[in-house]
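Per-entry structural report
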Amino acid sequence: IPDTIISYPLLHTADNSYYLTHTFRKETNRAGSIFIESSNQNDLSDLHTIIYGHNMKSGAMFADLKNYLKKSFWQEHPYIYIDLADGAHCYQIFSSHKAPVSDICYTIGYQADDVYADFLSSLQSASLYDMGVSVSTDDTVITLSTCTNDGKDRIVVHAKKIY
């Protein structure tokens, strides 16, 4: 995310707990890594992909996500860029909020149907402020997720693929 500390390799493994405590070099480190939900495809081709990272007190990893709880930060940082094997991709943020770990925003495996439309609507409704970005069943979306400072809930940022 331009003008933030968020610029890390994006990893994927069959075990969601592995990259909580390992770097992309497979070295043990409490900061862990930024990683894709193990049940998602590693190329972000699912309709909804979840990406996790720690909220480090040092400001590293996904600590900047907490700033998306303020509209002014989103206005200055409305896009997420991800480089994959097939090129660079841009995502436009359409929602940010706090959520419990049991929230619907942690559901994956959607098809482009009414259930997915309801899911997207719930993400927009949960946003702390209106970003004026429309989403539809034609869109693929990502959710960036990190812990709140107290660890009870999660800070989530949702974005739709532009290219």
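Just above sits the structure.
Residues numbered from 1 in each chain as written. Predicted model: local features only at pLDDT ≥ 70, side-chain atom pairs only at ≥ 80, totals over all residues. Heavy atoms only, no water.

Details of the overall build of the protein chain
Broken down by element type, the protein chain carries two helices and seven strands. The linear arrangement of helices and strands in the protein chain, starting from the amino end, is β-β-β-α-β-β-α-β-β. A globule of 163 residues ought to have a C-alpha radius of gyration of about 15 Å, and the protein chain, at 15 Å, matches this closely. Dimensions along the principal axes, computed over C-alpha positions, put the protein chain at roughly 40 × 30 × 30 Å. Considering only contacts in the protein chain between residues 6 or more positions apart, those separated by 24 or more positions represent 59%. When the accessible area of the protein chain is evaluated, it comes to approximately 8400 Å², of which 48% is carbon and sulfur surface. The averaged location of the 19 negative side-chain charges in the protein chain is 12 Å from the averaged location of its 12 positive side-chain charges. (Helix = DSSP H or I, 4+ residues; strand = E, 2+ residues; numbered from the N terminus. Rg over C-alpha atoms; globule rule 2.2 N^0.38 Å. Contact = heavy atoms within 4.5 Å. Areas by Shrake-Rupley, 256 points an atom, 1.4 Å probe, with all protein chains shown as cover. Lys, Arg positive; Asp, Glu negative; His and termini not counted. Charge placed at Lys NZ, Arg CZ, Asp CG, Glu CD.)

Overview of the nonpolar core
Core analysis: the biggest nonpolar cluster contains 44 residues, and Ile 51, Leu 65, Tyr 68, Ile 80, Ile 93, Ile 142 and Leu 144 have the highest contact counts within it. Those residues in contact with Ile 142, other than ones at most four positions away along the chain, are Leu 44, Thr 49, Ile 51, Ile 80, Ile 82, Tyr 91, Val 157, His 158 and Ala 159. (Core = buried A, V, L, I, M, F, W, Y, C linked by side-chain atoms within 4.5 Å. Buried < 20%, exposed > 50% of the residue type's maximum accessible area, 1.4 Å probe, protein only.)

Regarding unusual backbone geometry
Backbone geometry at Lys 26 places phi at a positive 65°, although glycine is not the residue there. Mapped onto the elements, Lys 26 comes out in the loop between β1 (10-12) and β2 (34-36). Classification of Lys 26 as exposed rests on a relative accessible area of 55%. Although it is not a glycine, Met 61 adopts a positive phi angle of roughly 55°. On the secondary structure map, Met 61 appears in the loop between β3 (48-52) and α1 (71-76).

Focus on the packing of aromatic side chains
In the structure shown here, the tally under the stated rule is eight aromatic pairs. Ring geometry for Tyr 79 and Tyr 81: centres 6.4 Å apart, planes at 45°, overall tilted. The class for Tyr 81 is partly exposed, based on a relative accessible area of 41%. Seen in terms of ring centroids, Tyr 110 and Tyr 116 are 5.5 Å apart; in terms of plane orientation they differ by 45°. Their pairing is tilted. Accessibility classification places Tyr 110 together with Tyr 116 in one group, the buried group. Within the aromatic cluster, the residues linked to one another by ring pairs are Tyr 110, Tyr 116 and Phe 119. (Phe/Tyr/Trp six-rings, centres within 6.5 Å; stacked < 30°, edge-to-face > 60°.)

Quick notes on the sheet that holds strand β7 (residues 154-161)
Taken in spatial order, the seven strands line up as β1-β2-β3-β6-β7-β5-β4 in an open sheet, and their pairing is mixed. Two strands lie at the open edges of the sheet, namely β1 and β4 (79-84), each paired on one side alone. Here the strands of the sheet are splayed against their neighbours by 35° on average, with no regard to which way each runs. Note: β4 against strand β5 (residues 87-99), six bridges, orientation antiparallel. Within the sheet, the bridge partner assigned to Tyr 79 lies in β5 and is Gln 92. (Pairing = 2+ DSSP bridges. Axes fitted to C-alpha atoms, helices over the stretch in contact; angles between N-to-C directions.)

Some points on helix α2 (residues 114-126)
Its 13 residues place the ends of α2 18 Å apart at the C-alpha level, agreeing with the 18 Å of an ideal helix rising 1.5 Å per residue. Regarding α2, the residues found buried are Tyr 116, Phe 119, Leu 120 and Leu 123. The buried residues of α2 occupy an angular sector of 95° when projected down its axis, which confines them to one face. More than 90 degrees from the buried face of α2, the exposed residues found are Asp 114, Val 115, Asp 118 and Ser 125. Buried positions along α2 lie against β3, β5, β6 (141-147) and β7. Sitting at the head of α2, Asp 113 places a side-chain oxygen 3.1 Å from the backbone nitrogen of Val 115. (Expected span 1.5 Å × (residues − 1). Arc of directions from axis to C-beta. Polar contact = N/O pair within 3.5 Å; in protein donor to acceptor, adjacent residues only side chain to side chain.)

Keep in mind these numbers describe shape, not what the thing actually does.
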